[in-house]
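# Structural characterization, general
In case you want the letters, here they are:
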Amino acid sequence: MSNKADHKVRKWRLPAEWEPQMGVQLTWPHANTDWAPILNDIIETYHQMAREIAKRERLIVVAPQDAARDMLRFVCPTDDTWARDHGFITLTDDEGYHRLLDYCFNGWGEKFPADNDNAINHRMYEAGIVEGEYIDCLDFVLEGGSIESNGKGTIFTTTGCLMAPHRNQPHTKEEIETRLKHDLCAERIVWIDHGQLTGDDTDGHIDTLVRICPNDTLVYVGCDDPDDEQYEELKLMEEQLKTLRTLEGRPYRLLKLPMPHPIYDRGERLPATYANFLILNGAVLCPTYGQPDLDKEAIRIISKAFPDREMVPIDSQVIIKQHGSIHCCTMQFPER
């Protein structure tokens, strides 16, 4: 079945992540990435994620020629591994057609090289790895980790990220909102104005802070320690979440995740967060950080948002050394 737009006017939308998925992309670590000093460790973590994904849906592995030789993969040059941010943002309609939005990824505001990663989507499309109507959005910087959708026209994002330097300046907030509504076929954009994890390279991606879940539920990162440097910002974020309403005018159901105890690497605090979980068909991959009581509590909270899914813990202590977690490493494609 062709995915090209035809004479019929299609009602596009950005599906919620908990809707049925066709597959998930992993962009594999290799020796020419920042993972080099701990490459064997991160590859073991990726194998664990890959096994859990492949049990439930299609696994798409992107890797250069000399990496992931034991995996069925699409061979392609890559700079790094953060598929959430360089992968396609995929719209769908009620008949299973796909619109593949290819945005510019510039290393989170030109912080890191991204030329190879920025070309992955078009190479995958040309090779037929993914199917749909290809939409060139390369004149606009947008990372998948910076937006969350409820599948019904509401998009969450953060002011800190989308208004950060070296992304889409000199566009105003109003102009960026207009672009998002147009491209993502959204009715409204909800801007979260507070929240930033120490050590975060992304300028406050929404998927590190607040996640939209079924039944108008928001799962979010909390902090109850006044001595924590993140306390004030996260309290302000929590207060803002309490004021938010759905399109129907109802308050959201709020579920607060614990804050992991601080994790340091070479004296630098890492942006550990339990909010960076991955929703799969029938399961949720939940990050853990070697803190048994907090890990268990976080999984309990996430399970309240997804009572019908298996909770699968994934040790993310290695991933966090490069300032990301499970959701950052992956990008899902909706079911056809």
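Below: a short report on this structure. Everything quoted here is computed from the prediction, not taken from an experiment.

Rules behind the numbers
Residues numbered from 1 in each chain as written. Predicted model: local features only at pLDDT ≥ 70, side-chain atom pairs only at ≥ 80, totals over all residues. Heavy atoms only, no water. Helix = DSSP H or I, 4+ residues; strand = E, 2+ residues; numbered from the N terminus. Rg over C-alpha atoms; globule rule 2.2 N^0.38 Å. Buried < 20%, exposed > 50% of the residue type's maximum accessible area, 1.4 Å probe, protein only. Contact = heavy atoms within 4.5 Å. Areas by Shrake-Rupley, 256 points an atom, 1.4 Å probe, with all protein chains shown as cover. Lys, Arg positive; Asp, Glu negative; His and termini not counted. Charge placed at Lys NZ, Arg CZ, Asp CG, Glu CD. Polar contact = N/O pair within 3.5 Å; in protein donor to acceptor, adjacent residues only side chain to side chain. Expected span 1.5 Å × (residues − 1). Pairing = 2+ DSSP bridges. Axes fitted to C-alpha atoms, helices over the stretch in contact; angles between N-to-C directions. 1 Å grid on protein atoms, 1.4 Å probe; cavity = no way out; pocket = protein on both sides within 12 Å on 5 of 7 lines; lining within 4 Å. Points joined across faces, edges and corners; volume = space filled by probe spheres on them. Nonpolar A, V, L, I, M, F, W, Y, C, P; charged D, E, K, R; others polar. Salt bridge = Lys/Arg side-chain N within 4 Å of Asp/Glu carboxyl O. Disulfide = S-S within 2.5 Å.

### As for the overall build of the protein chain
Looking only at helices and strands, the protein chain features eight helices and 18 strands. Whereas a compact globule of 336 residues would reach a radius of gyration of roughly 20 Å, the protein chain reaches 19 Å, a difference of no more than 12%. Along the first, second and third principal axes, the C-alpha atoms of the protein chain reach 55 × 50 × 45 Å. By the burial criterion, 61% of the 336 residues in the protein chain qualify as buried. Within the protein chain, counting contacts between residues at least 6 apart in sequence, those at least 24 apart form 74% of the total. Accessible surface for the protein chain amounts to roughly 14,000 Å². Of this, 49% is attributable to carbon and sulfur atoms. For the protein chain, the distance from the average site of its 36 positive side-chain charges to the average site of its 57 negative ones is 6 Å.

### Structural notes on the side chain of T33
Within the secondary structure layout, T33 lies in the loop between β1 (21–27) and α1 (39–54). Side-chain polar atoms of T33 contact the backbone oxygen of H30, separated by 2.6 Å. Those residues in contact with T33, other than ones at most four positions away along the chain, are D79 and D80.

### Points about helix α8 (residues 292–305)
In this model α8 runs 21 Å from its N-terminal to its C-terminal C-alpha over 14 residues, within 8% of the 20 Å that 1.5 Å per residue would give. Where α8 is buried, its residues contact β10 (210–213), β11 (217–221), β12 (253–257), β16 (283–288) and β17 (310–315).

### Details of the sheet that holds strand β3 (residues 73–75)
In spatial order, the strands read β3-β2-β1-β18; together these four strands make up an open sheet with mixed pairing. Bordering the open sheet on either side are β3 and β18 (330–334), each of which pairs with just one other strand. Ignoring strand direction, the axes of neighbouring strands in this sheet form an average angle of 25°. In terms of strand pairing, β1 meets β18 through five bridges, oriented antiparallel. Following the sheet pairing, V24 is matched in β18 by Q332. Helix-sheet contacts for α1 involve β1, β2 (58–63) and β18, and the interaxial angle to β1 is about 170°.

### Some words on the pairing of strand β4 (residues 89–92)
Alternating positions in β4 separate into two faces, I89 and L91 on one and T90 and T92 on the other, with burial throughout. Looking at chain direction, β4 and strand β5 (residues 98–104) are connected through four bridges and run antiparallel. Bridge pairing in β5 links T90 to L100. With antiparallel pairing between neighbouring strands as the criterion, β4 and β5 make up a hairpin whose turn holds five residues, including G96 at a positive phi of roughly 85°.

### Considering empty space enclosed by the protein
One pass over the full model with this rule turns up four cavities of 30 Å³ or more. Of the voids in this model, the largest cavity is the one considered here, and its volume is about 60 Å³. Of the residues contributing to the lining of the largest cavity, the split by class is four nonpolar, seven polar and one charged.

### Re the pattern of salt bridges
All told, the structure shown has 28 salt bridges when counted by the stated rule. The salt bridge partner of R250 is D216, with a shortest N-O separation of 3.3 Å. Separated by 34 residues along the polypeptide, R250 in the loop between α7 (231–243) and β12 and D216 in the loop between β10 and β11 bring together distant segments of the chain. For R266, the salt bridge is made with D265, and the minimal N-O distance between the two is 3.3 Å. When salt bridges with common partners are traced through the structure, they connect E17, R84, E148 and R211 into a single cluster.

### Focus on the sheet that holds β17
If you walk across this open sheet you meet the three strands as β15-β16-β17, and the pairing is mixed. With one partner strand each, in any of the chains shown, β15 (278–280) and β17 form the two edges of the open sheet. Within this sheet the neighbouring strands show an average axis-to-axis angle of 25°, counted without direction. The pairing of β16 with β17 spans six bridges and is parallel. The residue bridging V284 from the neighbouring strand is M311, located in β17. Packing of α1 onto the sheet brings it into contact with β15, β16 and β17, and relative to β17 it is tilted by some 165°.

### Thoughts on the pairing of β18
Burial of β18 is extensive: five of the five residues sit out of reach of the surface. Burial along β18 is two-sided: T330, Q332 and P334 and M331 and F333, pointing in opposite directions, are all buried.

### Overview of the state of the cysteines
Should the sulfur atoms of two cysteines be covalently bonded, the bond is a disulfide. By the definition in use, this model includes zero disulfides. You can see C286 has no disulfide; the closest cysteine sulfur is in C213, sitting 11 Å from it. Lacking any disulfide linkage, C328 is separated from the closest cysteine sulfur, that of C329, by 6.5 Å. The exposure class of C328 is buried, given its relative accessible area of 9%.

### Structural notes on the side chain of T273
Looking at the secondary structure, you find T273 in the loop between β14 (268–269) and β15. For T273, the side chain forms a polar contact with the main-chain oxygen of T208, separated by 2.9 Å. Beyond its immediate stretch of four places on either side in the chain, T273 contacts L197, T208, V221, P260, P287 and Y289.

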